[in-house]
Each structure stands twice: as C-alpha cells, then as structure tokens.
Amino acid sequence: MRWCRFSVYYLTGSGIEKLDNYFIISIPPNFLRPNRQYVMKNYQKKILLFGLLLCALWCSATWLIADRIYFSRAHALINDETKIVENRADDLAESIRRNLHFLSGIPNMISHLIRVHWATSRFGSNIQPSTLNYEDRKRIWTQDSTLADLSQYLNIVQSNLNVDIISLLNAAGDCIVSSNWDKPESSIGTNYAKRDFFLSNKAGKPGMQYAVGIKTLIPGLFFSSPVLANGEFMGSVVVKIDIPKLAFITKQTDAYIADKNGVIILAHNQAMDMNVLPGSLGLTMSAPEKMLHYRRSDLPTLRIEPWEDKKFPTLKRIFRDPLPSIIASRNLPELALTAFANNEMLPLSPLQRERLWIFLLLSSLASRLTVFLTGTILYSPPGNLSK
C-alpha cells in the first residue's frame, strides 16, 4: 500500500491561496480479501468448542444410559427378592397358626370339665383376692385334697400335650390349681388379675398374651378361656408355653415375631429380642407397665432406617447393617401377633461397578468418535478458505 501528499491552490483577487493538503492512498487489488490466517484460527476455535460441547453431551447421555441400565437391573433384583421374602412371611404366618391354634383350644376344652366348674364354684363369682399372705394361701390350696387331685390331673394333660403350665384361676385372679404344683416355682397362690388374658376372660372372651412368668421368670405365651356358669364368670383356665420351645419357628429363617405392643418376643437374631419396633405401642408404655409384662423397665428400640439410596424405598437398614434388607410382615389378629420375614440382599456394589464400566466404555467410544469427527472437519476446511 502506498500513499503521497499533494496541495491544492486556487486563484483569488488578492493572489494565489493554498487550500489544504490532500493524501492519495494507493490500495492493492487484494486488500479487501479476508485475512486467511485469522479466519482459519477463528474457524478452528469454533470447531474445537463445538467438539468439546458434543463430547460433554455424549458423556451425559452415556451416564444416563448406564444409570438407567443400573436401576432397571437393581429393581428387577429387588422385585425377585421381595417375592421370596413375601413367600417366607406367608410360610412363617402359617407355621405360627398351625403351632399355636391348637394351644388356644386347650384351655377352652378344659374349661368345660365338671371338676373345673366345681373347683371354681367353691370360691364363687364375686370373690375378692385372698388377703392371706402368699405362703399361707399357697400351702392351703396345695394341700387341699380336691384341688390337689385336679392339679395332678392337669399335670398329666400338660405332659401329654407338650405345654409347660396349665393353671386354674378363681374369679379374683388367684391361682388355685396348677400343673406345676410340686415345683418350687409353683403358680398356686399367685394373683394374675392384672394380666391382659385374665381381663379378656372377665369380659367373656378368650385371652392370649405374651408375658414373663411371675414365678418362673421365663417368657412365654399365655392362652386362656373363661369358666362360665349360667353366664357368670367363675374363673379362667390358663395354658402357658415357654418361648424357648417355640424357637424352632424362626430357627431356619431370618424372621422375628412381635406381640401386640410391637415388642419382639422371638427372633432368629437373638440380639433383636425385647426390642421395640419403631412406631409401636411399646414406645408409649410406662416403666411399670413394661415391668408388669416384660419384667424390665427399659426396652431398646429396634433401629430400622430407610436405605441410603432413596430411589429404593423398600430397602431398609437394620441395626446399622452394611447390607440392605427387605422386610415383609403378616398380621395375626387372632393371636395378637405380627410375623416378620427379613432378608438381607446381596450388595448392590457389583451393579454399581457395572454401571461405572458401562459409562466408561460408552463415553470412551463416544469421545473417540467426537475426536475423529472434529479432526476430520478441522483438517478439511471449506473450499473458499483453503485457497
């Protein structure tokens, strides 16, 4: 490009005047053409930015694909395990019904015996709890020949039916006859008026309750039936089976059984025994009530928490277990019990690792394809820029 300066003069009445200086610029013919190097750099920069954006989009898409595959397989696994646990819960409930229903029929059968009606009629329907001290009333009723004969009869029945204790209570709740009459922990003389099964019998209904024996201090299930004479409540027949004898129900499977208060009375994992389920009535019981039923004033709460991954709401964490669990329950209202089947799932970490490998594989392929396409475009610019 060249330039030169020149001046313009004009003639006036007073002489010659200089108008101004002018510059003439000579512009080369190719000056208006674009700067090829600048345009190429700008073009390459845009292509690189487009390639990076495309790569990021590819990686996001591959993660969504891998995540979808992971959750699909995880849900399928959880559904399979849930069906297994549901079947276990059904089997557990049926096993409980088979083994305990016949126990509930024993007191009903005995309550209709003539000798039982005769024994309770001796005390009447309006009797109050005995004012004698425990040792005196125990001795008197144990040595009474008629009551002693009935105690020996109940001992034979108890031995043949494989239960632990059969007792007869009068209308005041005092035990006057018992199959363990000759044992140091004999129930004779003990008052059961505050027990739930006795209160149910006073209302004319059969009773069932989990409790710890007042004399034996062994936890058990109590089944009872009222003894009625002309519609009047005369007493109760009570059958007890110790909890250790029922351990076979949960021995072969990961399960536990809770009473109506939500207190676990029998469990495959013995660390769960006497734990209170979250949200159950047992949490609202006072210390004296707990002592009356369970012979302890404090009951720990079983920790059941949602699993860390909120996308799987059916998974729970029990006792801070590192593995997730699936829980199924069956209510047994006729027995005032609830059966729970629990199953620890295999860890989801293998599926999580598989998700990561799928993501890495797909994102690697997508990134390579993006690099190839970007390189192809970069090294093959449009024709008007390559000239």
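Scroll up for the structure.
Scope of this entry: the structure provided in the associated data block. (Residues numbered from 1 in each chain as written. Predicted model: local features only at pLDDT ≥ 70, side-chain atom pairs only at ≥ 80, totals over all residues. Heavy atoms only, no water.)

This part is about the overall build of the chain. Helices and strands together make up the secondary structure of the chain, namely 9 helices and 13 strands. Per-residue burial over the chain gives 40% buried out of 387 residues. Contacts spanning at least 24 positions in sequence make up 54% of the contacts within the chain whose residues lie at least 6 apart. (Helix = DSSP H or I, 4+ residues; strand = E, 2+ residues; numbered from the N terminus. Buried < 20%, exposed > 50% of the residue type's maximum accessible area, 1.4 Å probe, protein only. Contact = heavy atoms within 4.5 Å.)

Inspection of the secondary structure assignment puts Ala61 in helix α1 (residues 36-110). Note on Ala61: relative accessible area 32%, which makes it partly exposed. Distance from Ala61 to Leu362, taken between C-alpha atoms, is 9.3 Å for residues 301 residues apart in sequence.

It is worth spelling out a nonpolar patch on the surface at this point. Taken together, Trp58, Leu369 and Leu373 make up a surface patch of nonpolar side chains, about 270 Å² in accessible area. Within the secondary structure, Leu369 is located in helix α8 (residues 349-378). (Patch = residues over 30% accessible without salt bridge, like charges linked within 9 Å, V, L, I, M, F, W, Y side chains within 5 Å. Areas by Shrake-Rupley, 256 points an atom, 1.4 Å probe, with all protein chains shown as cover. Salt bridge = Lys/Arg side-chain N within 4 Å of Asp/Glu carboxyl O.)

What follows concerns the packing of aromatic side chains. The tally for this structure, following the rule as stated, stands at 6 aromatic pairs. Members of the aromatic cluster, connected to one another through ring pairs, are Tyr192, Phe197 and Phe222. The aromatic ring of Tyr153 is capped on one face by Arg115, whose charged end is 4.8 Å from the ring centroid. The aromatic ring of Phe222 is capped on one face by Arg195, whose charged end is 5.6 Å from the ring centroid. (Phe/Tyr/Trp six-rings, centres within 6.5 Å; stacked < 30°, edge-to-face > 60°. Lys NZ or Arg CZ within 6 Å of the ring centre and 35° of its normal.)

The next subject is the sheet that holds strand β6 (residues 219-229). Strand order in the open sheet formed by 5 strands is β4-β3-β7-β6-β5, and the pairing between neighbours is antiparallel. Taken across any chain shown, the strands that pair with only one partner, and hence form the sheet edges, are β4 (175-178) and β5 (207-212). For this sheet, the mean inter-axis angle between neighbouring strands, taken without regard to orientation, is 25°. (Pairing = 2+ DSSP bridges. Axes fitted to C-alpha atoms, helices over the stretch in contact; angles between N-to-C directions.)

In terms of strand pairing, strand β8 (residues 255-259) meets strand β9 (residues 264-267) through 3 bridges, oriented antiparallel. Within the sheet, the bridge partner assigned to Tyr256 lies in β9 and is Ala267.

A few words on unusual backbone geometry. Negative phi is the rule for most residues except glycine; trans is the rule for most peptide bonds. Even without being glycine, Met274 reaches a positive phi, approximately 65°. For Met274, a relative accessible area of 7% corresponds to the buried category. Residue Arg295 is not a glycine yet carries a positive backbone phi of 60°. When you line up the elements, Arg295 lands in the loop between α7 (287-294) and β10 (304-306).

Its place among the elements puts His75 in helix α1. Taking the C-alpha atoms as reference points, His75 and Phe312, separated by 237 residues in sequence, lie 7.9 Å from one another. Once residues lying within four places of it in the same chain are set aside, the contact partners of His75 are Lys311 and Phe312.

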